[in-house]
Amino acid sequence: MDLKILPSQQFINTYHPMSETAKISLQGKEIELPLIIGSEQEVGIDISDLRAKTGAITFDVGYKNSGATASAITYLDGELGILRHRGYSIEDLAENATFMEVAYLLINGELPNKAQYDVFDQNIRSHTLVNEDMKNIFEAWPTGSHPMGQLIAMISSLSSFYPESIGTVQNDNQKLLNVYRLLAKMPTICSMIYKKSLGHPFNYPQNKLDYVSNFLNMTFKHVTEDYEIDPVLVNALNKLLILHADHEQNCSTSTVRLVGSSHANLYASVGAGVAALWGPLHGGANQEVIEMLEIIKSDGGNVEKWVEKAKDKNDSFRLMGFGHRVYKNFDPRAKIIKKACDDVLNKLGVNDPTLEIAKKLEETALADPYFIERKLFPNVDFYSGIIYRAMGFPVEMFTVLFALGRLPGWIAQWNEMREQKQPIGRPRQIYTGEILRPYVDRTKR
Ligand code: ACO
């Protein structure tokens with residue numbers, strides 16, 4: 001096998017301690033904290049010794065200011081709208097690379113040469129089948145159960161089919177086998193979930209096909225009919241998967257790293273990441289966007305009214321697909337997807353009125369002081385659902401497609417975390433409950 005888990009040196013190279021320090025004064029005591037600097041000159045205050053030296057902890061609900069790790073995988077500048085993987089811009093990768101090349105890049109640190117690519121690709125192709133017993137699990141799901149719930153269970157269940165993945169001490173070949181198996185079986189599982197929703201028989205993978213074509217064939221081929229794989233769909237999905245491939249320490253990736261930090265196996269850790277992705281404030285937003293656009297359409301397309309609702313603090317409605325924790329100027333992925341949306345719908349000859357509503361909604365919100373002041377822009381999920389729907393996917397499958405794209409990122413981050421030998425993740429808290437009080441007998445309370 002050709003794939004290498006990155007040596008920890010790569011991590012150390014991006015994590016330079018600085019001679020300068022930060023000083024804090026606390027209850028009459030002054031202490032110095034070391035600074036660290038990343039390869040793009042980002043500065044962090046290293047507080048590892050803070051509690052030992054002062055007894056105090058830092059308080060940062062939602063981790064808005066806290067770095068949980070140093071990482072050499074993805075660089076993101078939310079103010080400037082920059083996203084790079086291993087030094088390559090997302091624009092460059094989305095325009096020129098295949099999803100498999102990006103997967104290799106994220107996991108292995110470099111773009112593959114032809115020989116490396118062929119070995120990687122071949123290894124994935126040779127692991128696409130899932131154990132036949134997995135079909136029995138699918139039989140147990142009630143009709144209409146949400147695809148994301150199924151995906152969480154199916155990915156975690158791989159650890160039951162490959163129990164050797166559970167051991168905490170694994171040689172490189174065992175680790176790589178887990179990586180290949182997970183990457184290879186993910187499209188098969190995702191397509192099975194779709195087929196289950198239709199009550200149709202599953203299609204087996206065809207290993208002569210590339211990753212994206214194989215997925216489309218398993219998903220859309222009807223067992224009784226021939227299916228011609230449309231290159232427009234292959235190119236569009238390839239681009240969408242690249243745009244979702246990694247996004248540094250977001251909610252689902254942090255979950256994968258946190259779960260993996262307890263030395264839980266790769267399948268269980270990624271299953272947990274899928275659960276985090278499902279939430280409507282994260283990857284689940286792509287389904288919510290289309291549902292929101294449909295509601296606005298059936299309400300007469302009055303976008304101004306819905307923008308007002310989103311601004312109203314007494315109304316729980318938010319503009320789904322708008323706003324981002326780190327992007328405060330624009331989301332570079334949303335820019336690419338918006339353009340791709342026009343291209344794909346044109347090429348497929350699809351006229352989707354929700355695209356017009358989405359554009360009008362974007363225009364109205366971007367001109368509104370509420371959204372300008374809060375730096376709220378369309379994110380990656382705003383236009384992706386319109387493409388997915390034009391390709392033939394039902395809305396419930398949208399977040400599954402996000403997970404399919406994010407998988408190489410989760411794997412790369414999990415590997416890096418284990419290579420860095422990170423300690424178990426365990427945040428502190430400030431306790432605000434009752435102080436010590438005596439037990440009172442039930443009859444006397
Ligand atoms: N519609 C209306 N108001 C919004 C929106 C929105 N979509 N997003 C944020 N705001 C407002 C908040 O009410 C808040 O206003 P306030 O300062 O007056 O209280 C302010 O903007 C800041 O919002 P926060 O929720 O504090 O920002 P945070 O960084 O915690 O949340 C998030 C980011 C979760 C993405 C948020 O913008 C949101 O809920 N967006 C809609 C859901 C969505 O599209 N999620 C996908 C994100 S991309 C991804 O995960 C793949």
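Residues numbered from 1 in each chain as written. Predicted model: local features only at pLDDT ≥ 70, side-chain atom pairs only at ≥ 80, totals over all residues.

(A) Quick look at the overall build of the protein chain. Helix and strand counts for the protein chain stand at 19 helices and six strands. Here the C-alpha atoms of the protein chain give a radius of gyration of 24 Å, agreeing with the 22 Å that 2.2 N^0.38 yields for 445 residues. Projected onto its principal axes, the C-alpha coordinates of the protein chain cover approximately 75 × 65 × 60 Å. Counting only residues that meet the buried cut, the protein chain has 40% of its 445 residues in that class. Nonlocal contacts in the protein chain, meaning residues at least 24 apart in sequence, comprise 73% of its contacts between residues at least 6 apart. (Helix = DSSP H or I, 4+ residues; strand = E, 2+ residues; numbered from the N terminus. Rg over C-alpha atoms; globule rule 2.2 N^0.38 Å. Buried ≥ 20, exposed ≤ 12 C-beta atoms within 10 Å, placed from the backbone. Contact = placed C-beta atoms within 7 Å.)

(B) Representation of the nonpolar core within the structure. Formed by 113 residues in total, the largest nonpolar core has its most connected members in L151, L182 and I387. Excluding residues within four positions of it along the chain, L182 makes contact with L158, L266, Y267, V270, L407 and I411. (Core = buried A, V, L, I, M, F, W, Y, C linked by C-beta atoms within 7 Å.)

(C) Unusual backbone geometry, seen in detail. Positive phi is not limited to glycine here, since Q27 has a value of about 45 degrees. Note on placement: Q27 falls in the loop between strand 1 (16-26) and strand 2 (29-37). A tally of 7 C-beta atoms within 10 Å means that Q27 is categorised as exposed. Residue Y63 is not a glycine yet carries a positive backbone phi of 50 degrees. Structurally, the position occupied by Y63 is in the loop between helix 2 (50-54) and strand 4 (74-77). For Y63, a count of 13 C-beta atoms within 10 Å puts it in the partly exposed group.

(D) Broad picture of the pairing of strand 5 (residues 82-85). Across the two faces of strand 5 the burial differs, with L83 and H85 buried and I82 and R84 not buried at all. Both strand 4 and strand 5 contribute to a ladder of four bridges, which runs antiparallel. Paired with T74 across the bridge in strand 5 is H85. Where strand 4 folds back on strand 5, the antiparallel hairpin that results is connected by four residues, among which G81 adopts a positive phi of roughly 70 degrees. Bridge count for strand 5 against strand 6 (residues 88-89) is two bridges, and the pairing is antiparallel. Residue pairing across strands places R84 opposite S89, the latter belonging to strand 6. Counting the residues in the hairpin turn of strand 5 and strand 6 gives two residues, including R86, whose phi is positive at 50 degrees. (Pairing = 2+ DSSP bridges.)

(E) Looking closely at the packing of helix 9 (residues 211-220) against helix 10 (residues 231-243). Following both chains from N to C, one finds helix 9 and helix 10 inclined at 115 degrees, their axes separated by 9 Å at the closest point. Of the two elements, helix 9 crosses helix 10, and the hand of that crossing is right-handed. Taken together, the residues of helix 10 that come into contact with helix 9 (itself represented by V212, S213 and L216) are L233, V234, L237 and N238. Residue composition of the contact of helix 9 with helix 10, by class: five nonpolar, two polar and no charged. (Axes fitted to C-alpha atoms, helices over the stretch in contact; angles between N-to-C directions. Left-handed = near helix turned anticlockwise from the far one by under 90°. Nonpolar A, V, L, I, M, F, W, Y, C, P; charged D, E, K, R; others polar.)

(F) Representation of helix 8 (residues 172-198). Under the 1.5 Å per step criterion, the end-to-end length of helix 8 is 40 Å for 27 residues, consistent within 8% with the ideal 39 Å. Considering bend angle alone, the principal kink of helix 8 is centred on K185 and spans about 30 degrees; proline P187 follows within four residues of it. In the stretch just after helix 8, G199 is the one whose phi turns positive, near 75 degrees. (Expected span 1.5 Å × (residues − 1). Bend = angle between axes of the 7 residues up to and from the residue.)

(G) Main features of the site of the ligand. Near the ligand lie 18 residues; those nearest to it are A285, R318, F322, G323 and R325. Its residues placed into classes, the shell around the ligand shows eight nonpolar, six polar and four charged. (Near = placed C-beta within 6 Å.)

(H) Broad picture of the packing of helix 12 (residues 266-278) against helix 19 (residues 398-419). Orientation of helix 12 relative to helix 19, taken along the N-to-C sense of each, is 135 degrees, at an axis distance of 10 Å. As summarised for this structure, helix 12 and helix 19 are arranged oblique, according to the angle between their axes. Where helix 12 crosses over helix 19, the two elements pack in a sense that is right-handed. Residues L266, S269, V270, G273, V274, L277 and W278 of helix 12 pack against T399, F402, A403, R406, W410 and W414 of helix 19. (Parallel < 35°, antiparallel > 145°, perpendicular 65-115°, else oblique.)

(I) Quick look at the sheet that holds strand 5. Taken in spatial order, the three strands line up as 4-5-6 in an open sheet, and their pairing is antiparallel. In this open sheet, the two strands that pair with only one neighbour each are strand 4 and strand 6.

(J) Summary view of the confidence of the model for the protein chain. Of the residues in the protein chain, 96% reach a pLDDT of 70 or more, and the chain-wide mean stands at 93. Throughout residues 1-13 the model reports pLDDT below 50, and contacts reaching past four residues in sequence, or to other chains, amount to 29 contacts. (pLDDT = per-residue confidence, 0-100.)

(K) View of the environment of L243. Considering the arrangement of structural elements, one finds L243 in helix 10. Note: C-alpha distance between L243 and L83 (160 residues apart in sequence) is 9.9 Å. Apart from the residues lying within four places of it in its own chain, the contact partners of L243 are I90, A94, R333, I336, I337 and V380.

(L) Structural view of helix 7 (residues 147-161). Here helix 7 spans 21 Å end to end across 15 residues, near enough to the 21 Å set by a 1.5 Å rise per residue. Along helix 7, the positions that sit buried rather than exposed are P147, M148, Q150, L151, I152, M154, I155 and L158. In this structure, the buried residues of helix 7 make contact with helix 6 (134-140), helix 8, helix 12 and helix 19.

(M) Quick peek at the environment of K221. Tracing the backbone shows K221 in the loop between helix 9 and helix 10. Here K221 is in contact with N203 and Y227, once residues within four sequence places are set aside.

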